[in-house]
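Structural description and commentary
Each chain, written out:
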Amino acid sequence: MLTVDEARARIGAQIRTTGRLDTERVPIWEARGRFLTAAWLAGRALPAWANSAMDGFAARAADLPGTLVVTGAVAAGHPRAEPVAAGTAVRIMTGAPLPPGADTVVMFEESHATADGRHVTLPAAPVGAHVRHAGEDVAVGDAVVPAGARLDAAALALIAALGGDHVEVGRRPRVAILSTGDELVDVSVTPRPGQIVDSSAHALRALCADAGAAPSYLGVIPDRRDELAAALRQARDYDVVLTTGGVSAGDFDHVRGALADAGVVEDLWKVAMKPGKPLSFSMAGATPVFGLPGNPVSTMISFELFVRPTLLALQGAADTERPRAPVVLPAGYQKPTGRAHYLRARLQRDGERLIAHVAARQGSHMMSSMVGCDALIELAADVTEVAPGGTAPALLLEAR
Ligand code: AMP
Ligand code: MG
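Residues numbered from 1 in each chain as written. Chains lettered and ligands numbered in written order. Predicted model: local features only at pLDDT ≥ 70, side-chain atom pairs only at ≥ 80, totals over all residues. Heavy atoms only, no water.

**Re the side chain of Ser-298**
Condition: For the purposes of this entry, the term helix denotes a DSSP run of H or I that reaches at least four residues, the term strand denotes a run of E that reaches at least two, and both are numbered from the N terminus. Only protein chains enter the area calculation, which uses a 1.4 Å probe; residues under 20% of their type maximum are buried, those over 50% are exposed, and those in between are partly exposed. Contact between two residues is taken to exist if any of their heavy atoms lie within 4.5 Å; hydrogens are not considered.
Take Ser-298: it is sitting in helix H6 (residues 296-314). A relative accessible area of 4% places Ser-298 in the buried class. Apart from residues no more than four positions distant in its own chain, Ser-298 is found in contact with Pro-275, Gly-276, Pro-293 and Ser-364.

Right under this line is the structure:
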């Protein structure tokens with residue numbers, strides 16, 4: 001059986017071979033969470049012109065300390081062409097262009113103006129005090145946001161400041177979700193004995209959307225090899241196919257056989273992990289096909305480890321990994337060797353340490369263990385014990 005790392009490396013290698021999906025140009029208002037195709041090169045300097053960092057007086061440093069004649073005021077958005085002559089000062093507001101002649105700013109709090117406001121006494125100040133210099137943030141030509149960066153608030157603000165009203169980003173992967181199982185019914189149906197709601201599809205839809213993909217739910221396919229093969233053939237038009245269930249060794253687990261019937265050669269099956277051992281991965285042409293286990297928890301964890309990095313890579317993300325951090329397990333943990341275990345946990349901060357509250361019920365059918373889970377503790381295959389109060393590595397999931 002492959003280890004988690006081996007399986008991830010194999011899938012990653014396939015995705016690198018086929019490469020990122022094509023790109024599209026989107027308005028910056030709609031670009032949040034997308035991945036930039038190429039580094040954003042500054043076409044302007046920031047600030048574009050020297051301006052004041054404070055509300056105060058613009059003056060000549062050589063005149064200070066001293067009492068100066070106040071000759072006017074300059075507001076943001078209203079450049080003043082008239083130079084600040086020797087022996088004079090101008091009231092200046094934050095963000096207003098520094099008028100010619102002035103080379104320093106003294107903030108109001110350090111000034112003493114006469115009652116009529118015509119004169120002001122200012123302390124000594126060095127050249128450039130409280131002045132935001134042209135180009136000190138960004139110079140023309142700077143690569144301010146790297147290729148593959150996720151467009152978050154800071155990146156969007158900077159690109160907008162540089163006049164970028166559109167950005168080139170990786171296209172969203174279109175993901176087909178097929179649930180398999182005779183027992184599955186739609187959420188709108190009250191299950192009869194033996195039936196359950198197709199809940200994994202809802203997990204997968206949400207996870208796909210969170211990863212920037214565009215999911216399409218193709219419905220429940222019964223446990224029949226011919227119907228599955230037909231459904232898989234149709235789904236090949238998508239960028240990624242996810243099936244859930246029917247990929248284990250049961251009598252009615254037909255996903256792998258159906259893939260073979262559809263002409264798809266399986267690349268890997270079974271990963272030494274818990275939950276989620278029965279994972280199947282193959283490439284149907286350029287379309288990655290993930291046969292995910294049926295249990296909702298197994299499906300979600302398999303998605304996290306194998307599908308999410310794939311969806312991000314297809315969008316051109318430079319970084320497809322979750323952050324990892326050591327977390328404390330107050331009660332410790334014991335497990336057999338052979339498979340990596342992924343424990344669902346909720347984190348709590350205790351000073352510098354992250355305390356993991358491991359869900360009491362870790363069964364792969366225990367959906368309640370996933371709710372509010374913000375960390376997956378990763379216990380490698382050869383680990384048998386974490387002592388009480390010991391630490392283990394955890395994948396930090398997005399804060400909910
Ligand atoms: P399977 O891998 O098809 O044997 O399914 C494993 C377990 O997960 C069984 O208990 C199934 O009933 C359950 N299961 C399979 N698919 C889903 C689904 N889409 N939603 C919820 N549970 C499922
Ligand atoms: Mg099944």
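**Topic: the site of ligand 1**
We count it as follows: In this text, near means that some heavy atom of the residue lies within 4 Å of the molecule or strand in question. Within 3.5 Å is the distance limit for a polar contact, defined as a pair of N or O atoms, with the added protein rule that one can donate a hydrogen and the other accept it, and that residues adjacent in sequence qualify only through two side-chain atoms. In short, Shrake-Rupley with a 1.4 Å probe defines the accessible areas, and a residue's cover is counted only from the protein chains shown. Basically, the charged four are Asp, Glu, Lys and Arg, the nonpolar ten are Ala, Val, Leu, Ile, Met, Phe, Trp, Tyr, Cys and Pro, and anything else, Gly included, counts as polar.
The environment of ligand 1 is formed by 15 residues, the closest being Glu-183, Asp-198, Ser-200, Gly-246 and Asn-295. One of the backbone nitrogen or oxygen atoms of Ser-200 is found 3.1 Å away from a nitrogen atom of ligand 1. At a separation of 3.1 Å, an oxygen atom of ligand 1 approaches a polar backbone atom of Asn-295. For ligand 1, whose accessible area on its own is 480 Å², the fraction buried by protein is 76%. Of all elements in the fold, only strand E13 (174-180) and strand E15 (196-197) reach the threshold of two or more residues within the shell around ligand 1. Residue composition of the shell around ligand 1, by class: four nonpolar, eight polar and three charged.

**Some details on the sheet that holds strand E4 (residues 56-59)**
This is how it is decided: Criterion used throughout: strands pair if DSSP finds at least two bridges between them.
With mixed pairing, the six strands of this open sheet are ordered in space as E7-E4-E6-E5-E9-E8. Strands at the two margins of the open sheet, each flanked by one partner only, are strand E7 (104-107) and strand E8 (112-113). One ladder, built from two bridges, connects E8 with strand E9 (residues 119-122); its direction is antiparallel. Considered in E9, the bridge of His-112 is made with Thr-121.

**Looking at helix H2 (residues 153-161)**
Filter applied, for reference: The directions from the helix axis to the C-beta atoms form the arc being described.
Listed in full, the buried residues belonging to H2 are Ala-155, Leu-156 and Ile-159. Down the axis of H2, the smallest arc covering the buried residues is 95°, so these residues share one side. Facing away from the buried side of H2, by more than 90 degrees, are the exposed residues Ala-153 and Ala-154. Close packing links the buried residues of H2 with strand E2 (40-41), strand E11 (143-145) and strand E12 (166-170). One or two residues past the end of H2 sits Gly-163, with phi positive at roughly 90°.

**Notes on the pattern of salt bridges**
The condition is simple: Salt bridge, as used here, is a side-chain nitrogen of Lys or Arg placed within 4 Å of a carboxyl oxygen of Asp or Glu.
Taken as a whole and judged by the stated rule, the model has 14 salt bridges. With its nearest N and O atoms 3.4 Å apart, the salt bridge here joins Arg-353 to Asp-350. A relative accessible area of 40% places Asp-350 in the partly exposed class. A single salt-bridge network, built from bridges that share partners, covers Asp-22, Arg-171, Arg-174 and Asp-239.

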